[in-house]
Amino acid sequence: MKNKEFLEKLSKCELDEKRIAKVEKAYATSFPVQVRAIISNCNTPIFLEEYRVLSFSEIIDAEDDLNVNFKKEKIIPLIDCGDNDFIVYNFSKKTWAKYNIIENCLFKVKSNLADLLK
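Reading the values: rules and limits
- Residues numbered from 1 in each chain as written.
- Predicted model: local features only at pLDDT ≥ 70, side-chain atom pairs only at ≥ 80, totals over all residues.
- Heavy atoms only, no water.
- Axes fitted to C-alpha atoms, helices over the stretch in contact; angles between N-to-C directions.
- Helix = DSSP H or I, 4+ residues; strand = E, 2+ residues; numbered from the N terminus.
- Parallel < 35°, antiparallel > 145°, perpendicular 65-115°, else oblique.
- Contact = heavy atoms within 4.5 Å.
- Nonpolar A, V, L, I, M, F, W, Y, C, P; charged D, E, K, R; others polar.
- Phe/Tyr/Trp six-rings, centres within 6.5 Å; stacked < 30°, edge-to-face > 60°.
- Lys NZ or Arg CZ within 6 Å of the ring centre and 35° of its normal.
- Pairing = 2+ DSSP bridges.
- Buried < 20%, exposed > 50% of the residue type's maximum accessible area, 1.4 Å probe, protein only.
- Arc of directions from axis to C-beta.
- Salt bridge = Lys/Arg side-chain N within 4 Å of Asp/Glu carboxyl O.

1. Points about the packing of helix 1 (residues 3–12) against helix 3 (residues 33–40)
Two measures define how a pair of helices packs: the angle their axes make with one another and the distance between the axes.
And step 1. Between helix 1 and helix 3, whose axes approach to 9 Å, the crossing angle comes to 95 degrees. By the angle between their axes, helix 1 is roughly perpendicular relative to helix 3. In this structure, helix 1 uses Phe6, Leu7 and Leu10 to contact helix 3, whose residues at the interface are Gln34, Ala37 and Ile38.
And step 2. Partitioning the contact of helix 1 with helix 3 into residue classes produces five nonpolar, one polar and no charged.

As structure tokens, then:
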């Protein structure tokens, strides 16, 4: 799927309040609409031009599967970029970024997801 098409679908999709509530409870925060849309509509991984959107179960199990305390870092991984990099939403700063799980570092911080997908 093209990145632009994915972003357009996110803006029009139906939200799954049960899923959203489960993730927001786990992270003890509320998320913006775009994050809520990803959580609601990722039954299986979604393959984009260069990246892969995590499935709902991968998002829920990310801390255990990737051995990173995402809650402590105040980020939620949503898109796998390969090479141990993930696009994350930083809910303490309300920004999007890439995060390397080996080096535990944020980079390419942007104010919106579209800029990271370019």
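Let us keep going from here.
2. Some remarks on the packing of aromatic side chains
And step 1. Summed over all chains, the structure comprises six aromatic pairs.
And step 2. Each residue in the set Tyr27, Phe31, Tyr89, Phe91 and Trp96 is aromatic and connected to the rest through ring pairs, giving one cluster.
And step 3. Seen from the ring of Tyr27, Lys71 lies directly overhead, with NZ or CZ sitting 5.7 Å from the centre.

3. Regarding the sheet that holds strand 1 (residues 46–47)
And step 1. On the basis of which strands lie adjacent, the open sheet formed by six strands has the order 1-2-3-4-5-6 and antiparallel pairing. Edge strands, defined here as strands with exactly one partner in the open sheet, are strand 1 and strand 6 (105–110).
And step 2. By the bridge criterion, two bridges tie strand 1 to strand 2 (residues 52–53) in an arrangement that is antiparallel. In the strand pairing of strand 2, Phe47 is matched with Arg52.
And step 3. This element, helix 3, spans strand 2, strand 3 (75–82), strand 4 (85–90) and strand 5 (95–100) of the sheet and lies at about 55 degrees to strand 5.

4. So, unusual backbone geometry
And step 1. If you check the backbone angles, Asn67 has positive phi at about 55 degrees while not being a glycine.
And step 2. Its location among the elements puts Asn67 in the loop between helix 5 (62–66) and helix 6 (70–73).

5. Remarks on helix 2 (residues 17–27)
And step 1. Arg19, Ile20, Val23, Glu24 and Tyr27 are the residues of helix 2 that are buried. In an axial view of helix 2, the angular spread of the buried residues amounts to 125 degrees, which keeps them on one side of the axis. Opposite the packed face of helix 2, turned more than 90 degrees from it, sit the exposed residues Lys18 and Lys25.
And step 2. Structurally, helix 2 contributes buried residues whose contacts are with helix 3, helix 4 (56–60), helix 6 and strand 3.

6. Here's the deal with helix 1
And step 1. Three or more residues of helix 1 are buried, namely Asn3, Phe6, Leu7 and Leu10. The arc that holds every buried residue of helix 1, seen down its axis, measures 95 degrees, which confines them to one face. In helix 1, those exposed residues whose orientation departs by more than 90 degrees from the buried face are Lys4 and Lys12.
And step 2. Residues of helix 1 that are buried sit in contact with helix 3, strand 1, strand 2 and helix 7 (113–117).

7. Brief notes about the pattern of salt bridges
And step 1. Counted under the stated rule, the structure contains eight salt bridges.
And step 2. Between Lys9 and Glu5 there is a salt bridge whose closest N-O contact spans 3.7 Å. Within this pair, Lys9 and its partner Glu5 are both found in helix 1, separated by four residues, close to a single helical turn.
And step 3. Owing to a relative accessible area of 34%, Glu5 belongs among the partly exposed residues under this scheme.
And step 4. A salt bridge links Arg52 to Glu58, with the shortest nitrogen-to-oxygen separation between them at 2.9 Å.
And step 5. The buried category is assigned to Arg52, whose relative accessible area is 17%.
And step 6. Given a relative accessible area of 25%, Glu58 falls into the partly exposed group.
And step 7. Three or more residues are tied together by salt bridges with common partners; here these are Glu17, Glu24 and Arg36.

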